[in-house]
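Spelled out, the chains give:
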Amino acid sequence: MFIRWKYLIAALVVAPILGLFVAWSGLVSIGARSGHWAVTDWFLHWSMQSSVRTASLSTEVPPFDNPEMLKLAAGHYEAGCAMCHGSPARERSAVVFGMLPVPPDLKPRVPTWTDAELFHIVEKGVRFTGMPAWPAEHREDEVWSMVAFLRKLPGMRADDYRALAGLATPSGEVTALGCQSCHDEERLNGRSLIPSLAGQSPEYLRQSLSAYLKGDRASGVMQAVVNGLSADQVASLSAFYAAMPRKVLAADEKNPNGGSVEDGEKLARSGRPADRIPACLSCHEKPDGNPLYPSLSGQSAPYLARQLRLFREEYRGGTQFHHLMTRAANDLTDKDVEDLAAYFAARNVNR
Ligand code: HEC
Ligand code: HEC
Ligand code: HEC
């Protein structure tokens, strides 16, 4: 018995050394061309499935009740996923067939996962495969939009995809993804999760774009498209959108979440000192105000509500003054958020 223990300990010591030696010898190929052994493939995918299944057990799936989730996600899919997975409008690039594992065509794969599982794959990525994590932390809202989009992907036609992602002009001409794919005023409406940039000050737009570039304002969607913009491009894009008039929302689409415009107005004008909530209008919408206080009037209610929640949870960065807004949003209740969003969405764009 004593002898056996000695062998076992010797084996425990020798095995890792032997392993290191084999790796050092260079005899193990790390090339991707020959593929994995079938058992390795099976093992990797099985561990991924198990890990995703366990991680998603306690995840609560929000309702996919806003069709505008699809536009934001389709645009991001084009910017951040289509090169590997292909899209209804293009095949996977030939280059990715040399990856190990090859990024799969998602159409047959999506139905094999639940919503919560898709959420975890897209939010966390998959280690050892090249499947990246969402580019920004604490943007579960964006990831859920992507899940809503993936659900629709299996049956989506090329034209529908281009229409959602803004890859076609109104006359049907096919274009590449650009700022206007998402921010074109004509594509926005009262449920939009993509903001109108029209009429914001150039200073606010410029500082917001630098914040995305530096990672100081978290949005996977915007961070994926600002990468590589030069300071000149940032300045000219900011001037372009600042000079544009903001579209006026149709009266019947201003308040999709049903917040109380009256309660919102009261809070915006007077604040609520007992809860340390300042009057929003003491900073926003003043004709001679600080150009870094953005214009909110006529912006869609779902976008405004989403940003207010991000400020409240302290996840939203931005310009050099963003901390002022974090403080202003700190003690808002969910009802306050919806009321304020409804009030500002309905407010006259021309102040
Ligand atoms: C650099 C290439 C690459 C990019 C970019 C990429 N993926 Fe992946 N993705 C992969 C690879 C490789 C796998 C396979 C992982 C595996 O087999 O375990 C994968 C797996 C997946 C899966 C699980 C499919 C399955 O059943 O195995 C989903 C869903 C997915 N990706 C969605 C996305 C979305 C959405 C985006 C964009 C936000 C994205 N991917 C961006 C490479 C990529
Ligand atoms: C795929 C869609 C998409 C594309 C393409 C896109 N954006 Fe955005 N943009 C968004 C979304 C969504 C947000 C809101 C992000 C957030 O929550 O911070 C946003 C926010 C912004 C903001 C901040 C607005 C505010 O009120 O604070 C600016 C500025 C902006 N985008 C400029 C641009 C420019 C310039 C380009 C082209 C280089 C561009 N965007 C391309 C979707 C897009
Ligand atoms: C002390 C001045 C101040 C007060 C008071 C204030 N804000 Fe702000 N607000 C700001 C600043 C500065 C920003 C820009 C944040 C950044 O740097 O991105 C902002 C941004 C916002 C945004 C994001 C707009 C966009 O385009 O993304 C919303 C929504 C907003 N404020 C709503 C409100 C509401 C509602 C109130 C009242 C409860 C309020 N603000 C009170 C200064 C203020």
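Anything mentioned here points back to the structure above.
Quick notes on the rules
- Residues numbered from 1 in each chain as written.
- Chains lettered and ligands numbered in written order.
- Predicted model: local features only at pLDDT ≥ 70, side-chain atom pairs only at ≥ 80, totals over all residues.
- Heavy atoms only, no water.
- Near = heavy atom within 4 Å.
- Polar contact = N/O pair within 3.5 Å; in protein donor to acceptor, adjacent residues only side chain to side chain.
- Helix = DSSP H or I, 4+ residues; strand = E, 2+ residues; numbered from the N terminus.
- Patch = residues over 30% accessible without salt bridge, like charges linked within 9 Å, V, L, I, M, F, W, Y side chains within 5 Å.
- Areas by Shrake-Rupley, 256 points an atom, 1.4 Å probe, with all protein chains shown as cover.
- Salt bridge = Lys/Arg side-chain N within 4 Å of Asp/Glu carboxyl O.
- Buried < 20%, exposed > 50% of the residue type's maximum accessible area, 1.4 Å probe, protein only.
- Axes fitted to C-alpha atoms, helices over the stretch in contact; angles between N-to-C directions.
- Parallel < 35°, antiparallel > 145°, perpendicular 65-115°, else oblique.
- Left-handed = near helix turned anticlockwise from the far one by under 90°.
- Contact = heavy atoms within 4.5 Å.
- Nonpolar A, V, L, I, M, F, W, Y, C, P; charged D, E, K, R; others polar.
- 1 Å grid on protein atoms, 1.4 Å probe; cavity = no way out; pocket = protein on both sides within 12 Å on 5 of 7 lines; lining within 4 Å.
- Points joined across faces, edges and corners; volume = space filled by probe spheres on them.
- Donors = N, O, S within 2.8 Å, 3.2 Å for Na, K, Ca; no water.
- Tetrahedral: all angles 85-135°; square planar, octahedral: opposite > 155°, others 65-115°.

Explain the site of ligand 1 to me, please; I cannot follow it from the model alone.
Near ligand 1 lie 23 residues; those nearest to it are Cys81, Cys84, His85, Arg109 and Met131. His85 has a polar side-chain atom sitting 2.8 Å from a nitrogen atom of ligand 1. Between Trp113 and ligand 1, the recorded distance is 2.8 Å, taken from a side-chain N or O atom to an oxygen atom. Contributions of two or more residues to the shell around ligand 1 are made by helix H2 (38–55), helix H3 (69–80), helix H4 (82–85) and helix H5 (115–124).

Help me understand a nonpolar patch on the surface in this model?
Residues Trp5, Leu8, Ile9, Leu12, Val13, Val14, Ile17 and Leu18 make up a contiguous nonpolar surface patch of roughly 820 Å² in combined accessible area. You can see Leu8 is positioned in helix H1 (residues 2–25). Among the residues examined, Leu8 registers a relative accessible area of 44% and is labelled partly exposed.

Just checking my understanding: could you explain the packing of helix H9 (residues 202–214) against helix H11 (residues 231–242) for this structure?
Running from N to C, H9 and H11 point in directions that differ by 135°, and their axes come no closer than 8 Å. In terms of their interaxial angle, H9 and H11 are classed as oblique. As H9 runs across H11, the sense of the crossing is right-handed. Residues Pro202, Leu205, Arg206, Leu209 and Leu213 of H9 pack against Val234, Ala235, Ser238, Tyr241 and Ala242 of H11. Taken together, the residues that form the contact of H9 with H11 break down as eight nonpolar, one polar and one charged.

I'm lost on empty space enclosed by the protein in this one. Help?
In this approach the atoms are scanned with a rolling probe the size of a water molecule, which exposes any empty space left behind. Per the counting criterion, the structure on display carries one cavity of 30 Å³ or more. Here the largest cavity defines a volume of roughly 80 Å³. Forming the boundary of the largest cavity are 13 residues, of which Leu188, Ser196, Leu249, Gly298 and Gln299 lie nearest the centre. A breakdown of the residues in the lining of the largest cavity according to their chemical character gives four nonpolar, six polar and three charged.

It is not clear to me how the coordination of the iron atom of ligand 2 should be interpreted in this structure. Could you clarify?
Four donors placed tetrahedrally around a metal ideally meet at 109.5 degrees, and six donors placed octahedrally ideally meet at 90 or 180 degrees. At this site the iron atom of ligand 2 is bound by His183 (NE2) and Met222 (SD), with donor distances of 2.0 to 2.2 Å. What the six donor atoms of the iron atom of ligand 2 show is an angle range of 88 to 179° at the metal, which sorts the shape as octahedral. Separated by 39 residues along the polypeptide, His183 in helix H8 (residues 179–183) and Met222 in helix H10 (residues 220–226) bring together distant segments of the chain. Taken as a pair, His183 and Met222 share a single burial class, namely buried.

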